[in-house]
There are 2 protein chains.
Amino acid sequence: MGDRPQRDYGNRTPLEAAYTPHLDRLVKGGWAGLMDPVDPGIPPGSDVAHFSIFGYDPYKYYTGRGGLEAAGVGIKLAPEDVAFRCNFSTTDNNLVVVDRRAGRIRNGTQELAKALTGMQLKTVQDVTVEFVQTIEHRGVLVLRGSGLSRHVSDVDPHQLNVRVLQSKPLDNSSEARRTADAVNEFTSRSNEVLKDHPVNLERIRQGEKPANIILSRGAGTFPQLTPLSTLYGVRTGCIAVVALVRGICKIAGMEVIDVKGATGGLDTDFMAKADAATRALESYDYVLLHVKATDVAGHDGNFEAKQHAIESIDKMIGKLIDAADPSRTYIAVTADHTTAVSVKDHSGDPVPLLIAGPDVIPSEVTKFCEKTVSHGNLGRIRGFNLTPILMNYLGKTSKFGY
Amino acid sequence: MGDRPQRDYGNRTPLEAAYTPHLDRLVKGGWAGLMDPVDPGIPPGSDVAHFSIFGYDPYKYYTGRGGLEAAGVGIKLAPEDVAFRCNFSTTDNNLVVVDRRAGRIRNGTQELAKALTGMQLKTVQDVTVEFVQTIEHRGVLVLRGSGLSRHVSDVDPHQLNVRVLQSKPLDNSSEARRTADAVNEFTSRSNEVLKDHPVNLERIRQGEKPANIILSRGAGTFPQLTPLSTLYGVRTGCIAVVALVRGICKIAGMEVIDVKGATGGLDTDFMAKADAATRALESYDYVLLHVKATDVAGHDGNFEAKQHAIESIDKMIGKLIDAADPSRTYIAVTADHTTAVSVKDHSGDPVPLLIAGPDVIPSEVTKFCEKTVSHGNLGRIRGFNLTPILMNYLGKTSKFGY
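A brief structural summary. Bear in mind that the values here come from a model prediction, so they are computed numbers and not experimental data.

### Some details on the overall build of chain A
Working step 1: Helix and strand content of chain A: 15 helices and 14 strands.
Working step 2: Expected size for 402 residues packed as a compact globule is a radius of gyration near 21 Å; at 23 Å, chain A falls within 12% of this value.
Working step 3: Seen through its C-alpha atoms, chain A measures out along the principal axes to roughly 65 × 55 × 35 Å.
Working step 4: Here chain A, with 402 residues, has 57% of them falling under the buried criterion.
Working step 5: Intrachain contacts of chain A at a sequence separation of at least 6 include 72% that bridge at least 24 residues.
Working step 6: Split by element, the accessible area of chain A, about 17,100 Å² in all, is 48% carbon and sulfur.
Working step 7: Separation of charge centres in chain A, based on 46 positive and 47 negative side chains, amounts to 1 Å.

Structure below.
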């Protein structure tokens with residue numbers, strides 16, 4: 001949601017340019033301020049940012065992308081198992097990357113995944129290999145066994161026309177060395193297994209790029225979090241489409257609520273999300289309503305699409321407010337990071353934040369945007385302060401000391 | 001630069017009283033806020049404050065003054081070597097301090113230093129003694145060898161008419177005990193070697209105070225920092241005269257740029273500094289321009305001199321802005337600590353901060369001073385947030401997470 005002033009749009013941000021009567025009403029009666037999702041200047045990934053927003057200091061609790069990816073698709077990890085975010089990719093005969101997404105392959109990936117699972121590694125003993133296809137060209141590699149480590153580098157070079165990388169240990173432990181060896185053997189063996197697989201031979205016949213290698217990245221273990229339900233004694237639910245966000249929500253102990261018409265894109269059904277959140281508030285104390293559309297527009301560098309998504313969010317929030325009991329409902333509106341249209345990627349700017357509800361000091365700020373909230377009454381907080389602040393209003397925080 | 005309101009000057013601070021049209025223009029279009037160089041209420045030394053401003057948490061990375069002093073004059077330290085900031089001083093026959101700066105001795109100090117270097121210690125084995133004269137009455141003592149520690153107390157009592165102190169170990173380690181023994185032997189032996197040295201006999205004849213002892217303080221090792229160039233992939237330069245600041249800049253990986261006419265005093269050539277910074281910005285991504293004059297005036301308790309120095313800084317910044325490309329240049333203006341004219345020393349007040357540049361949210365604050373920025377849009381950050389914030393605007397910060 002947050003952004004930087006754009007010269008071509010009167011030095012306004014998309015949030016500033018957007019018509020947002022409901023947000024403006026909320027911010028006037030609520031706390032208004034800035035939030036550094038992690039730390040000032042540090043661009044967070046969505047995973048790290050959500051850890052923080054749920055109250056878990058990511059410097060302590062974040063254990064890499066792979067573990068979250070696995071959790072998102074329901075794979076159970078033992079504490080020592082290491083998981084990797086993977087792509088089905090296309091390389092040439094010299095293992096030079098031709099397409100990181102194998103022509104965005106959609107069909108046959110389950111059969112390819114089956115051919116990889118259960119692979120017996122030769123360089124490393126007592127490690128079980130599991131490969132799970134997730135959505136389109138994406139998958140998760142799980143190495144199960146003891147003596148493994150998440151401190152290994154990516155095989156995926158993150159660019160085209162260069163050779164597949166060797167995974168390297170990132171510390172001096174034997175566990176990291178052993179894991180890097182396992183990953184490297186898996187990578188070259190994935191190429192041997194996949195290159196002549198019938199699914200790929202058929203793709204080549206059809207003039208499509210073969211999914212002839214697995215490129216892994218983001219080694220991670222399962223994060224050891226005490227769920228919000230235990231920490232605060234609350235029932236928590238989440239409305240989100242993005243697998244990564246759903247995964248973190250599950251790890252934080254939230255129940256994931258599916259909403260028909262929610263897509264994770266610009267075409268998501270905002271109103272269906274509002275209805276689902278309203279229903280959820282009947283049985284949960286805390287509901288996360290996640291919208292991906294603004295981030296998508298930011299990555300696309302599309303100011304108007306971002307502005308439009310914000311206006312849709314405003315309507316969604318209007319519907320939510322109308323249905324909510326104002327005497328006992330708090331609403332916080334913020335972003336997990338800035339995806340500025342000029343940057344087309346996450347940046348380390350602070351994000352705007354409002355917190356409205358019955359016991360809140362009114363800011364008297366009349367428009368919800370980056371400029372105005374920076375003069376607001378909340379000051380500047382860090383992401384992991386947000387959940388305790390909300391739990392305090394719900395009367396769910398425990399006293400520290402006597 | 002920062003200060004406290006002075007009753008005799010209409011309850012204004014020097015920055016508030018100063019005519020600063022260029023700073024005022026910058027702050028209006030940029031972020032305005034307060035920065036605690038280290039932590040609220042903690043008066044930082046210039047060394048600790050610069051660590052923090054460069055993004056290194058001083059609680060983690062600061063390893064004492066001596067190591068920085070040594071780095072500042074180009075002395076290479078091995079990881080276990082311990083260095084001390086020293087003065088040539090004058091004591092009477094009972095080792096009572098008569099003058100901590102030996103009448104601000106200027107001549108003959110190199111000969112005196114030569115007489116101390118290579119001293120064979122009797123109480124401690126396998127420790128090499130090196131003494132380097134730096135500027136005027138100042139010098140650096142280096143103890144080289146293994147099994148040394150920086151956790152020893154000062155010999156310098158920091159006041160007159162008291163006896164020279166014994167260095168004491170500050171923890172229970174044998175290394176600290178051994179280092180304290182070495183320092184104590186060096187101190188008494190320095191008195192034996194220096195008191196009848198021809199340089200001092202001549203001084204006594206001339207009615208000047210003899211430099212008859214070395215008083216050491218601020219034991220330190222070389223700080224282990226990853227340079228900014230590695231952390232962010234930037235070329236960094238610094239314009240500073242003060243040896244300590246130059247030393248920290250070098251340790252942080254900056255190239256030190258010499259400027260003719262820059263003195264580190266009230267008489268420094270501000271405009272020459274502006275020109276040097278402008279030229280430096282052609283080949284560096286990040287340039288530190290350090291001015292000592294405001295701190296000097298603060299230590300002197302001289303309001304007018306401080307106001308005047310600030311007005312000179314404003315003109316310097318005006319020259320800088322005129323020469324800079326506004327579409328790609330960011331400028332941050334702040335202080336490494338407050339040296340209030342009423343205190344005549346560093347205090348733990350927050351300092352004013354502005355950050356201006358192309359993608360920045362405008363504060364609409366119309367005057368740059370302590371009062372106004374505290375109502376600004378940046379909130380209150382800590383010193384070590386500043387460099388990541390600037391690197392974020394330069395697109396040089398790495399994403400944390402995915």
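### Remarks on the pattern of salt bridges
Residue and element names in this part refer to chain A.
Working step 1: Counted by the stated rule, this structure contains 46 salt bridges over all chains.
Working step 2: In this structure, Asp 156 engages Arg 217 in a salt bridge whose closest nitrogen and oxygen atoms are separated by 3.6 Å. Linking Asp 156 in the loop between β5 (138–144) and α7 (174–195) with Arg 217 in strand β6 (residues 213–220), this pair joins segments that are 61 residues apart in sequence. Summarising the burial analysis for this pair, Asp 156 and Arg 217 share the class buried.

### Considerations on the interface of chain B and chain A
Working step 1: In this assembly, 23 residues from chain B lie in contact with 34 residues from chain A.
Working step 2: Of the roughly 2,300 Å² buried between chain B and chain A, counting both surfaces, carbon and sulfur atoms make up 58%.
Working step 3: When the buried area of chain B at its contact with chain A is split by residue, B:Ile361, B:Phe400 and B:Tyr402 rank highest and sum to 37% of it.
Working step 4: A salt bridge links A:Asp345 to B:Lys399; the nearest nitrogen and oxygen atoms lie 3.1 Å apart.
Working step 5: At the boundary of chain B and chain A, one finds 12 residue pairs in polar contact (both at pLDDT 80 or more).
Working step 6: Looking at the side of chain B that touches chain A, the element that brings in the most residues is helix α15 (residues 386–393) of chain B, giving four residues.
Working step 7: Across the side of chain B that touches chain A, the residue classes tally to 12 nonpolar, nine polar and two charged.

### Looking at the relation of the copies chain B and chain A
Working step 1: Between chain B and chain A, which share one sequence, the superposing operator has a rotation angle of 123° and an axial displacement of 0.3 Å; the RMSD is 0.3 Å. Both copies are brought into coincidence by an operation consistent with a three-fold rotation axis. Every residue of chain B has its C-alpha some distance from the rotation axis, and the shortest such distance is that of B:Gly379, at 3.3 Å.
Working step 2: Interface overlap between copies is the fraction of interface residues in one copy that are interface residues in the other; for chain B against chain A it is only 4%, indicating separate surfaces.

### Some details on the sheet that holds strand β1 (residues 31–36) of chain A
Residue and element names in this part refer to chain A.
Working step 1: With mixed pairing, the four strands of this open sheet are ordered in space as β10-β13-β1-β14. With one partner strand each, in any of the chains shown, β10 (331–333) and β14 (379–382) form the two edges of the open sheet. Shown here is a sheet whose adjacent strand axes are inclined to one another by a mean of 30°, direction ignored.
Working step 2: Sheet topology note: the β1/strand β13 (residues 351–356) ladder contains five bridges and is antiparallel. Each residue of the ladder has a partner; that of Trp 31, found in β13, is Ile 355.
Working step 3: Sheet strands in contact with helix α15 (residues 386–393) are β1, β10, β13 and β14, and its direction is about 10° off that of β13.

### Considerations on helix α12 (residues 293–300) of chain B
Working step 1: Of the residues making up α12(B), those classed as buried are B:Ala293, B:Thr294, B:Asp295, B:Ala297 and B:Gly298.
Working step 2: Of the residues one or two after α12(B), B:Gly301 is the one with positive phi, at around 70°.

### Structural notes on the pairing of β5(A)
Residue and element names in this part refer to chain A.
Working step 1: The buried fraction of β5 amounts to six of the seven residues, a majority that puts the element mostly inside the structure.
Working step 2: Relative to β5, strand β2 (residues 82–91) is paired through six bridges, and the arrangement is antiparallel. Across the sheet, the residue bridging to Phe 84 is Leu 141, located in β5.
Working step 3: Alignment of strand β4 (residues 128–133) against β5, held across six bridges, turns out to be antiparallel. By the bridge assignment for β5, Val 132 is matched with Val 140.

### What to know about the environment of A:Gly41
Working step 1: Among the structural elements, A:Gly41 can be located in the loop between β1 and α3 (46–53).
Working step 2: The class for A:Gly41 is buried, based on a relative accessible area of 2%.
Working step 3: Between the alpha carbons of A:Gly41 and A:Thr91 there is a distance of 37 Å; along the sequence they are 50 residues apart.
Working step 4: Setting aside its immediate chain neighbours within four residues, A:Gly41 contacts A:Gly348, B:Pro388, B:Ile389, B:Asn392 and B:Thr397.

### Describing the pairing of β2(A)
Residue and element names in this part refer to chain A.
Working step 1: Of all 10 residues in β2, 10 are buried; the element is thus mostly enclosed.
Working step 2: What you see with β2 is no split at all: Val 82, Phe 84, Cys 86, Phe 88 and Thr 90 on one side and Ala 83, Arg 85, Asn 87, Ser 89 and Thr 91 on the other are buried throughout.
Working step 3: As paired elements, β2 and β6 share six bridges and run antiparallel to each other. For Arg 85, the partnering residue across the bridge sits in β6 and is Arg 217.
Working step 4: Bridge analysis of β2 against strand β3 (residues 97–99) gives two bridges, and the strand direction is antiparallel. Bridge assignment links Thr 91 to a residue of β3, and that residue is Val 97.

Each value, and the rule that gives it
Residues numbered from 1 in each chain as written. Chains lettered and ligands numbered in written order. Predicted model: local features only at pLDDT ≥ 70, side-chain atom pairs only at ≥ 80, totals over all residues. Heavy atoms only, no water. Helix = DSSP H or I, 4+ residues; strand = E, 2+ residues; numbered from the N terminus. Rg over C-alpha atoms; globule rule 2.2 N^0.38 Å. Buried < 20%, exposed > 50% of the residue type's maximum accessible area, 1.4 Å probe, protein only. Contact = heavy atoms within 4.5 Å. Areas by Shrake-Rupley, 256 points an atom, 1.4 Å probe, with all protein chains shown as cover. Lys, Arg positive; Asp, Glu negative; His and termini not counted. Charge placed at Lys NZ, Arg CZ, Asp CG, Glu CD. Salt bridge = Lys/Arg side-chain N within 4 Å of Asp/Glu carboxyl O. Buried area = accessible area lost by both parts, 1.4 Å probe. Polar contact = N/O pair within 3.5 Å; in protein donor to acceptor, adjacent residues only side chain to side chain. Nonpolar A, V, L, I, M, F, W, Y, C, P; charged D, E, K, R; others polar. Least-squares fit on C-alpha atoms with pLDDT ≥ 70 in both. Pairing = 2+ DSSP bridges. Axes fitted to C-alpha atoms, helices over the stretch in contact; angles between N-to-C directions.

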